[in-house]
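So you can see what is in the structure, the chains are spelled out below.
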Amino acid sequence: EEFVYGEEDFVLQAAGWGDPDSAPSRFDRVLLAGWRDRMERGLFRYRLGPLPTRVLPGPVRLVAQLNERRSAERRPPQPIRSLRDPFDPGAFNFTRLRPAELLFRLCRTGGPGPPPDPLLVAINASPLERGHVLLLPEPARRLPQALTAPALRGALEAALLSAHPGFRVGFNGLGGGASVNHLHLHGFYLGCPLPLEEAPAEPLGPRLGLLRAGPAPAFLFFAADPAALEPVSRAVCRAAEHLGSAGLACNVLATRGEPPAGPGAGGGRGLRVLLWARQPLFGPKAGQPFAVALCELAGLLPLPAEPLYRDITEVQALSAIRQHLLPEPDLLRL
């Protein structure tokens, strides 16, 4: 079915963290009802109930979650050999999804600006969290996993359709944790805030900042209103292309948040879009306690084993994450 929406459906001020489920939007109701229906029908690789969650002691306030079955039962990631691997029709791709795995197609009518490409919303069969979905440009186009402005803009609009403060959308690039080389973004609900939502950023220009909160510094773009989504999408994709030309991988996360100057600096909340530059990794890294993709860079640690979840410290987690980052001089040169 098509989920047709207009600018009047954007939720400009999401619910607060005191009661994040207080007033779900039409988008939230349709997405979560379809997601629960597919869970009851056994279309996921495992049943996902409430996940044990704790905040690690320390200044960064990393959020650890225990998700043993995802590690054991998810589809093995595709072998990725370079930042510019072409689409491989012989490997798993989203043209092979079962029809029942599709929830709806997002289609916008009206302004602001020309509508983004429609996005298919499908379940992620190996979910990280409740409501974990894939946001797919038309799969038959067989686009490789390289971020495009129309796909990102559609995902940012999806973030504004949710009334939940923890509905987030993100992207893992090739060499940055992507497990399928077919263009897709992720959407999921997380029931707790992250520091990167409100920490102030160092200004780098009129529309760009450097955010050092969280486990990894990120370039911060900000959309104060729906009219800013198109220019922000184009700016983020230009920056991602620049990283690729420099031989670097990237990850992207969009979350509700304060303006770049932080709370109290004036202006209302909007969408913070974070872009991480990182050393590319092809294949598993030996001796690592967990893989590092957009969730880990944002401060959410989905952990595969109970002893690790119980015992890991902030220092250990940060050490594992920062092995993938750029040296400070290289980051500042970017």
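Residues numbered from 1 in each chain as written. Predicted model: local features only at pLDDT ≥ 70, side-chain atom pairs only at ≥ 80, totals over all residues. Heavy atoms only, no water.

Under the annotation held in an unreviewed UniProt entry, the protein carries the name GDPP1 phosphorylase and is attributed to Orthonyx spaldingii.

A. Seen up close, the UniProt feature "domain: GDPGP1-like N-terminal" (unreviewed entry) in the protein. Per the UniProt record, the feature "domain: GDPGP1-like N-terminal" (unreviewed entry) sits at residues 26–187. Within residues 26–187, the helical portion is 21% and the strand portion 20%, while the C-alpha atoms at the span's ends are 16 Å from each other. (UniProt positions renumbered as here; feature names shortened; annotations may be inferred. Helix = DSSP H or I, 4+ residues; strand = E, 2+ residues; numbered from the N terminus.)

B. Highlighting the sheet that holds strand E9 (residues 202–205). Reading across from one edge, E1-E4-E5-E6-E8-E7-E12-E13-E11-E10-E9 is the order of the 11 strands in this open sheet, with mixed pairing throughout. One side of each edge strand has no neighbouring strand; the edge strands of this open sheet are strand E1 (2–5) and E9. With strand direction ignored, the average angle separating the axes of adjacent strands in the sheet is 25°. In terms of strand pairing, strand E7 (residues 167–172) meets strand E12 (residues 249–257) through 4 bridges, oriented antiparallel. Its bridge partner lying in E12, Asn 172 is registered against Asn 251. Where helix H1 (residues 26–40) meets the sheet, it contacts E1, strand E4 (102–108), strand E5 (119–123), strand E6 (133–136), E7 and strand E8 (185–189), and its direction lies at approximately 160° from that of E4. In the packing of helix H4 (residues 229–245) onto the sheet, the strands contacted are strand E11 (218–223), E12 and strand E13 (270–278), and the crossing angle to E13 comes to about 5°. (Pairing = 2+ DSSP bridges. Axes fitted to C-alpha atoms, helices over the stretch in contact; angles between N-to-C directions. Contact = heavy atoms within 4.5 Å.)

C. Inspection of unusual backbone geometry at higher detail. Despite not being glycine, Arg 61 shows a phi value in the positive range, around 55°. Looking at the secondary structure, you find Arg 61 in the loop between strand E2 (53–55) and strand E3 (63–66). With a phi angle near 55°, Arg 142 is a residue other than glycine that sits in the positive phi range. Note on placement: Arg 142 falls in the loop between E6 and helix H3 (149–161). On the basis of relative accessibility, which here comes to 43%, the residue Arg 142 falls in the partly exposed class. (Buried < 20%, exposed > 50% of the residue type's maximum accessible area, 1.4 Å probe, protein only.)

D. Spatial organisation of the side chain of Ser 179. Among the structural elements, Ser 179 can be located in the loop between E7 and E8. On the basis of relative accessibility, which here comes to 17%, the residue Ser 179 falls in the buried class. When sequence neighbours within four positions are dropped, the list of residues in contact with Ser 179 reads Arg 74, Pro 77 and Gln 78.

E. Examining the pairing of E11 more closely. Within E11, 6 of the 6 residues are buried, leaving the element largely enclosed by the surrounding structure. Alternating positions in E11 separate into two faces, Ala 218, Leu 220 and Phe 222 on one and Phe 219, Phe 221 and Ala 223 on the other, with burial throughout. By the bridge criterion, 3 bridges tie strand E10 (residues 208–211) to E11 in an arrangement that is antiparallel. Residue pairing for E11: Leu 210 is matched across the bridge by Phe 219. Where E10 hands over to E11, the hairpin turn is made up of 6 residues, of which Gly 214 adopts a positive phi near 85°. One ladder, built from 5 bridges, connects E11 with E13; its direction is antiparallel. Residue pairing in the sheet places Ala 223 in a bridge with Leu 271 of E13.

F. The arrangement of H3 in detail. Here H3 is 13 residues long and its end C-alpha atoms lie 18 Å apart, about the 18 Å a rise of 1.5 Å per residue gives. Along H3, 12 of the 13 residues are buried, which leaves the element largely enclosed by surrounding structure. (Expected span 1.5 Å × (residues − 1).)

G. Fine view of helix H7 (residues 314–322). Along H7, the residues that are buried comprise Glu 314, Ala 317, Leu 318, Ala 320 and Ile 321. Projected down its long axis, H7 shows its buried positions confined to an angular sector of 160°, all on one face. Those residues of H7 hidden inside the fold are in contact with helix H5 (294–298) and strand E14 (300–303). (Arc of directions from axis to C-beta.)

H. Molecular detail of the packing of aromatic side chains. Tallied over the entire structure, the rule returns 8 aromatic pairs. A ring pair is formed by Phe 3 and Phe 104, whose centres lie 5.4 Å apart and whose planes are at 35°; its orientation type is tilted. Linking Phe 3 in strand E1 with Phe 104 in strand E4, this pair joins segments that are 101 residues apart in sequence. Phe 104 shares its class with Phe 3; the two are buried. Clustering of aromatic rings is evident, with ring pairs tying together Phe 3, Phe 27, Phe 104, Phe 167 and Tyr 189. Above the plane of the ring of Phe 3 lies Arg 26, whose end atom (NZ or CZ) is 4.1 Å from the centre. (Phe/Tyr/Trp six-rings, centres within 6.5 Å; stacked < 30°, edge-to-face > 60°. Lys NZ or Arg CZ within 6 Å of the ring centre and 35° of its normal.)

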